[in-house]
Amino acid sequence: QGGFIWDWIDQGILMKDENGREWHAYGGDFGEASHDANFNINGMISPNRRPHPAMIEFKKCAQPVDFEFSWLGDGQLELRIVNRRYFTTLDDITVVWAL
């Protein structure tokens, strides 16, 4: 199976190379023979708390409401609000739209 979020934050240790550049060390970077390779750098945000691009994708997947726009012609626009929840209504959500 795939598509699971196993770690929220990457588990890396801030290091500096010989030129003073910062990087995050993880499995195998300390010379140990037994490690999980990149197992600890697979989160949604980096150790310095910067979001990875996958965070935006996850936000879209997890949002409870979707909006669909269609042009009907003659300058008319149709807005369709789609409930992406499986078992509840959208009664607790307020939508505000301003032009």
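In short, a report on the structure.

Turning our attention to the layout of surface pockets. Size it by volume and the largest pocket reaches roughly 220 Å³. Lining of the largest pocket is provided by 13 residues; of these, Gly3, Phe4, Ile5, Met44 and Phe58 occupy positions nearest its centre. Mapped by element, the contributors of at least two residues to the lining of the largest pocket are strand S4 (43–45) and helix H1 (54–62). Of the residues forming the lining of the largest pocket, the biggest block, five residues, is contributed by H1.

One non-glycine residue with positive phi stands out, namely Arg49, at about 70 degrees. Looking at the secondary structure, you find Arg49 in the loop between S4 and H1. Although it is not a glycine, Asp74 adopts a positive phi angle of roughly 55 degrees. Looking at where Asp74 falls in the secondary structure, it is placed in the loop between strand S5 (65–73) and strand S6 (76–83).

Calculation notes
Residues numbered from 1 in each chain as written. Predicted model: local features only at pLDDT ≥ 70, side-chain atom pairs only at ≥ 80, totals over all residues. Heavy atoms only, no water. 1 Å grid on protein atoms, 1.4 Å probe; cavity = no way out; pocket = protein on both sides within 12 Å on 5 of 7 lines; lining within 4 Å. Points joined across faces, edges and corners; volume = space filled by probe spheres on them. Helix = DSSP H or I, 4+ residues; strand = E, 2+ residues; numbered from the N terminus.

Read these as layout, nothing more, since geometry by itself doesn't imply function.
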